[in-house]
Amino acid sequence: MLKLLLLFLALTTQLALPVLAQQRVVQSINSNWQFRKADGQDYTKTPAPAAGWAKVSLPHTWNTADVLDDQPGYYRGVGWYRKTVFAPAAWKGQSVYLQFDGANQETEVYVNGQLAGKHAGGYTAFRFPVSKLLKFNANVAAANEVLVKVDNSHNPSIPPLSADFTFYGGIYRDVHLLAASPVHFDLENYASPGTFVTTPAVSAEAAEVVVNGTVANDAAIARKVTVLSRLLDHQGRTVGQQRTSLRLGPRQKQPFRLVFGKLNRPHLWSPDDPYLYRVVSSIEDGKKPLDEVSSPLGMRWFRFDAATGFFLNGQPMKLVGTNRHQDFQGLGNALPDALHERDILLLKQMGGNFLRISHYPQDPTVLAACDRLGILASIEIPIVNEITDSPAFFETCKYMQTEMIRQNFNHPCLIIWNYMNEILLRMPESTRKDEAARQAYFGRVADLAKQLDDLTRREDPSRYTMIVNNGVFELYHRAGLTKISQLVGWNVYAGWYGNNTKLEDLNKILDRHHQELPTVPLLVTEYGADADPRLHSFEPRRFDKTQEYANLYHQYYLKEFLARPYVVGTNAWNLTDFNSESRQEANPHVNTKSLLTTDRQPKDTYLFYQAHLLKTPFVKIGSRNWTLRSGTAAGADSLFCKQPVEVYTNQPTVRLTLNGHDLGTRPAEFGIVRFRVPFVDGENKLTAQAPGQTSDEATITFQLLPPNLTSEKLPFHELNVSLGDQRYFTDAPLSQVWLPEQAYTPGSWGYVGGRALVQPGSLPYGSGRNILGTEYDAIYETQRVGLSQFRLDVADGQYEVTLHFAELESVPTAEQLIYNLEKPAGPAAPVSQTGRSFDVLLNGQAVLTGLGTATDLQPLQATNFKFPVQASGGQGIRVDFKAAVGEAILNAIQVKRLY
């Protein structure tokens, strides 16, 4: 993969952003910035102190750490940046601009103490003229102070108002200085490239190319210039050109339009062959070049059909891919270009052909990579969950949509402009009981959608428009949001969210749309189930967060999508796990529905899609992150434990060997070959061989436990048990595997009495709350309540016992979010107020007295106690629980033999 990435990055220099020019200079100024959070001072009015500034480089966000800590919320406020910029003497008389590719979310830029400009919105680029604010020296570069105020506070006039992702603050994308001739392509057109390339007609036989744009004359004198546009093929050969002459008055802008003659037999752009032309437009004064921009061009045509699907270049194509958020483990959303590009490469290596850029425009390198790699794309502005019914909000949305379209217009990968996502998910409190208020709100939302749809079709009639709804068909249909845009996307989570939903409910949603909206093409724009790579189950259940349930979910969904040609496109949620600070559950602050982890390690679901989408031979052993397993031996003389292993392939059969021993050849069923593998203690080397030369290997370390704890053939060493739980939890850094609970049987281990905690709501196990003071939330979120004993029939010897507790019932109610699966027990009330107190005895000796809510068991706080203990007289280890108030609890237990 590294070689592919390096090759890809080497090729990216050929067709970069449309800012290359002989006379135009564009340079990043990402280094040597200083940063400080707000301290109540306005540094535009009060000189900033020299001390208290941290040295940073861009991209930068101030929220890398606080969005992951145990303290609810994260810093949303003002941050200050400053930098000294040196302006060359040669730039005097030039048109100089500061360009920000992204800063979240309100930005004010000052140069030498004077305001250069303000921008609202955190996900589109903006550009301010600064020529008149700069200082210049006669012969050497002059120092200029740039001061930037960024504010990521909630603002009711700026979307997004709420969402299931984190609103990181900071200058988190590149910043550029741009110096151009006074006569240049328009640099004050919503931070666009200033030229817009269209292909009004494309076929396999011929293509028409049109270039529209505007030339600006910032000088105080009139100018006569020529605009020349050349069409170059991938080898740099000119295959067409057009020119026109313009007379520009002082301080005047003038539009132009160049229509190329037909290009015969164009090389078409497609995911299999993403061939790119270039359109290079220049402004000349005689033979002197004044300005130049270059844009990629892909020759393609496409259409959506509500009955038969999507067609590219006249051929049917099922759009299959993912969504993407823009953050990375340890970096927040402040990513270097290479990581943005790597994500698109990972989607391509999965076999995907379609990316929904959600829920906001992303770094310019993302669409540039899609162009080069052949990934079709949709893009959207962040109107998510709700709107503010105000003129300011409506105007901000329309400005954002215009920015997004003009900045990204020239990307051939783009086929859809979107502008709303699940917009009725959070409605004003006034609409909940007042039907008139509800209908009025529906009307205002629809009105905004119509305005945005009309604007989009005016700006770009060549692409399609889309609104994305969550899967409540009746609600969005009644609100009129299914009949405005040309396409309708549905975020469907049947079998995950919703009261008692099943996987089969997906079919009802898809079929209903097709029946009631037979002329509106349908896309499934989100679907997925959380998968924490540490959690596994051989009997997966909805909401258990295991990899195995996510596997079942995606297998069912993809089969149904492929069976329905009218489902024109699908986007799994999500390409990679991403931060959502308000989330709780097993992996707090992270949405884990994705196909890759936050550090881009593949989950089984990624391998599953590779098996279905790749056109080259493919075979991969599943559970790449589950290389440490544990289980109990089949018997006293059967020193192995059989567990399932899935192999993903696009080949008809796979042969599997374990440590060189043949386990047989089995057929693939819907891309999966299933084996039961007899793992032995220690290292287990698996080799999967498909017909031909395609093979894969995986090494799994297995910790085999004795069925009888006093066995001499397989001595007992260590046991880790998660109470109230039927899942395995793997802690790779500590080389520990936590087993599901079991009832005690003589000669073995287990609990005596009690019940697994199941609270009101959707979770099959325990609580969905963030447990404080631990990274092992999944272990502390489950417990056995009311048990009388935990017993282990170990041999005589010296042991260490660790008991883990967390109070999950006497807790305050948290904010209830649709994507946190636990439901409240009552309005603004704790789940329980009874409290508890109990004693714990270890082999008859009291080791914890009065343990309870009045002492160590604070709400949602991880607590553990470690004790030495001696097993003697063949009595093993007994942990007894004696309740005084309420019921005793135990979340987890660890037992280790010392000697």
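Residues numbered from 1 in each chain as written. Predicted model: local features only at pLDDT ≥ 70, side-chain atom pairs only at ≥ 80, totals over all residues. Heavy atoms only, no water.

The next point concerns the overall build of the protein chain. When helices and strands are tallied, the protein chain shows ten helices and 56 strands. Taking 2.2 N^0.38 as the reference for a compact globule, 899 residues should give roughly 29 Å; the C-alpha atoms of the protein chain span a radius of gyration of 31 Å, in line with that estimate. Along the first, second and third principal axes, the C-alpha set of the protein chain runs to 105 × 70 × 60 Å. Long-range contacts, defined here as pairs at least 24 residues apart, represent 72% of the contacts in the protein chain between residues at least 6 apart. Accessible surface computed for the protein chain: about 34400 Å², of which carbon and sulfur atoms make up 51%. Here the protein chain contributes 87 positively and 89 negatively charged side chains, and the mean placements of these two sets differ by 6 Å. (Helix = DSSP H or I, 4+ residues; strand = E, 2+ residues; numbered from the N terminus. Rg over C-alpha atoms; globule rule 2.2 N^0.38 Å. Contact = heavy atoms within 4.5 Å. Areas by Shrake-Rupley, 256 points an atom, 1.4 Å probe, with all protein chains shown as cover. Lys, Arg positive; Asp, Glu negative; His and termini not counted. Charge placed at Lys NZ, Arg CZ, Asp CG, Glu CD.)

Grouped together as the largest cluster of nonpolar side chains are 120 residues, with contacts concentrated most on Phe304, Ile383, Leu424, Leu481 and Tyr557. In terms of residue count, helix 5 (residues 435-459) provides more of this core than any other element does, eight residues in total. Among the nonpolar cores identified, the runner-up in size contains 55 residues, and Leu719, Val721, Leu851 and Leu860 belong to it. (Core = buried A, V, L, I, M, F, W, Y, C linked by side-chain atoms within 4.5 Å. Buried < 20%, exposed > 50% of the residue type's maximum accessible area, 1.4 Å probe, protein only.)

A separate point is the pairing of strand 10 (residues 175-180). Counting buried residues along strand 10, six of its six residues qualify, which places the element largely inside the surrounding structure. Burial along strand 10 is two-sided: the residues Val175, Leu177 and Ala179 and His176, Leu178 and Ala180 are all buried. Alignment of strand 1 (residues 25-28) against strand 10, held across four bridges, turns out to be antiparallel. Residue Ser28 lies in a different strand from strand 10, and its bridge partner there is His176. (Pairing = 2+ DSSP bridges.)

Okay, the pattern of salt bridges next. Taken as a whole, this structure holds 42 salt bridges when the rule is applied. Where Asp186 meets Lys253, a salt bridge forms, and the shortest distance between an N and an O atom there is 3.1 Å. Taken together, the positions of Asp186 in the loop between strand 11 (183-185) and strand 12 (195-198) and Lys253 in strand 17 (residues 253-259) put the pair 67 residues apart, joining distant regions of the chain. Look at Asp186 and you get buried, because its relative accessible area is 6%. Arg836 is the partner of Glu807 in a salt bridge, and the nearest nitrogen-oxygen pair spans 2.7 Å. Of this pair, Glu807 sits in the loop between strand 50 (797-805) and strand 51 (837-842) while Arg836 sits in the loop between strand 50 and strand 51, and the two are 29 residues apart along the sequence. (Salt bridge = Lys/Arg side-chain N within 4 Å of Asp/Glu carboxyl O.)

It is worth spelling out the packing of helix 7 (residues 505-516) against helix 8 (residues 547-562) at this point. Their axes nearest at 10 Å, the elements helix 7 and helix 8 cross at an angle of 30 degrees. Regarding the angle of helix 7 to helix 8, the classification is roughly parallel. For the pair helix 7 and helix 8, the sense of crossing is right-handed. On helix 8, the residues touching Leu506, Asn507 and Leu510 of helix 7 are Tyr556, Tyr557, Glu560 and Phe561. For the contact of helix 7 with helix 8, the class distribution of residues is five nonpolar, one polar and one charged. (Axes fitted to C-alpha atoms, helices over the stretch in contact; angles between N-to-C directions. Parallel < 35°, antiparallel > 145°, perpendicular 65-115°, else oblique. Left-handed = near helix turned anticlockwise from the far one by under 90°. Nonpolar A, V, L, I, M, F, W, Y, C, P; charged D, E, K, R; others polar.)

So, on to helix 3 (residues 364-373). Of all ten residues that make up helix 3, nine are buried, and the element is covered over most of its length. Along helix 3, the residues that are buried comprise Thr365, Val366, Leu367, Ala368, Ala369, Cys370, Asp371, Arg372 and Leu373. One or two residues past the end of helix 3 sits Gly374, with phi positive at roughly 85 degrees.

Now for the environment of Ser281. Mapped onto the elements, Ser281 comes out in strand 19 (residues 277-285). Since its relative accessible area comes to 1%, Ser281 is described here as buried. Measuring from C-alpha to C-alpha, the distance between Ser281 and Phe185 comes to 9.1 Å, with 96 residues separating the pair along the chain. Each residue touching Ser281, except ones within four places of it in the same chain, is listed here: Phe185, Thr195, Val211, Leu228, Ser229, Asp291, Glu292 and Val293. Of note is the side chain of Ser281, whose polar atom sits 2.7 Å from the side chain of Ser229. (Polar contact = N/O pair within 3.5 Å; in protein donor to acceptor, adjacent residues only side chain to side chain.)

Compared with the 22 Å implied by 1.5 Å per residue over 16 residues, the 23 Å span of helix 8 between its first and last C-alpha is a close match. In terms of burial, helix 8 is a largely internal element, 13 of the 16 residues being buried. (Expected span 1.5 Å × (residues − 1).)

With that settled, the discussion passes to unusual backbone geometry. A negative phi holds for most residues other than glycine; trans holds for most peptide bonds. For the bond running from Asn104 to Gln105, omega is -5 degrees, close enough to zero to count as cis. Here Gln105 is to be found in the loop between strand 5 (95-100) and strand 6 (106-111). His359 follows Ser358 through a cis peptide bond whose omega is -15 degrees. You can see His359 is positioned in the loop between strand 25 (354-357) and helix 3. The phi angle at Phe543 is positive, at roughly 75 degrees, despite the residue not being glycine. Note that Phe543 resides in the loop between strand 31 (535-536) and helix 8. A relative accessible area of 3% places Phe543 in the buried class. Positive phi values are uncommon outside glycine, yet His589 reaches one of about 70 degrees. Note that His589 resides in the loop between strand 33 (578-579) and strand 34 (590-591). Given a relative accessible area of 5%, His589 falls into the buried group.

Before going further, it helps to examine the state of the cysteines. For the structure on display, the rule yields zero disulfides. With no disulfide of its own, Cys370 has Cys413 as its nearest cysteine by sulfur position, at a separation of 4.8 Å. (Disulfide = S-S within 2.5 Å.)

Ordered by their spatial adjacency, six strands build an open sheet running 3-2-4-9-6-7, and the pairing between neighbours is antiparallel. The open sheet is flanked by strand 3 (54-56) and strand 7 (114-120), the only strands paired with a single partner. Across the sheet, the axes of successive neighbouring strands diverge by a mean angle of 25 degrees, strand direction being ignored. As paired elements, strand 2 (residues 33-37) and strand 4 (residues 78-87) share four bridges and run antiparallel to each other. Paired with Arg36 across the strands is Trp80, a residue of strand 4.

One open sheet holds the five strands; their spatial order is 36-42-41-38-39, and the pairing between them is mixed. In the strand order of this sheet, the two ends are held by strand 36 (628-632) and strand 39 (661-667), each with one partner. With strand direction ignored, the average angle separating the axes of adjacent strands in the sheet is 30 degrees. The pairing of strand 36 with strand 42 (residues 695-705) spans five bridges and is classified as parallel. Across the sheet, Arg629 pairs through a bridge with Phe702, a residue of strand 42.

Turning our eyes to something else, we now look at the packing of aromatic side chains. Tallied over the entire structure, the rule returns 41 aromatic pairs. When the ring of Trp496 is compared with that of Tyr549, the centres are 5.9 Å apart and the planes differ by 35 degrees; the resulting orientation is tilted. Remark: Tyr549 occurs in helix 8 and Trp496 occurs in the loop between strand 29 (487-491) and helix 7; sequence separation between them is 53 residues. Given the relative accessible area of 0%, Trp496 is considered buried. By relative accessible area, which is 8% here, Tyr549 ends up buried. Ring centres of Tyr557 and Phe561 lie 5.8 Å apart, and the angle between their planes is 85 degrees; on these two criteria the pair is classed as edge-to-face. In this pair, Tyr557 and Phe561 are both assigned in helix 8, four residues apart and thus about one turn of the helix distant. The same class applies to Tyr557 and to Phe561, which are both buried. By the ring-pair criterion, three or more aromatic residues cluster together here, those being Trp33, Phe35, Trp62, Tyr75 and Tyr81. The residue whose ring lies beneath Arg629 is Trp626, and the NZ or CZ to ring-centre distance is 3.8 Å. (Phe/Tyr/Trp six-rings, centres within 6.5 Å; stacked < 30°, edge-to-face > 60°. Lys NZ or Arg CZ within 6 Å of the ring centre and 35° of its normal.)

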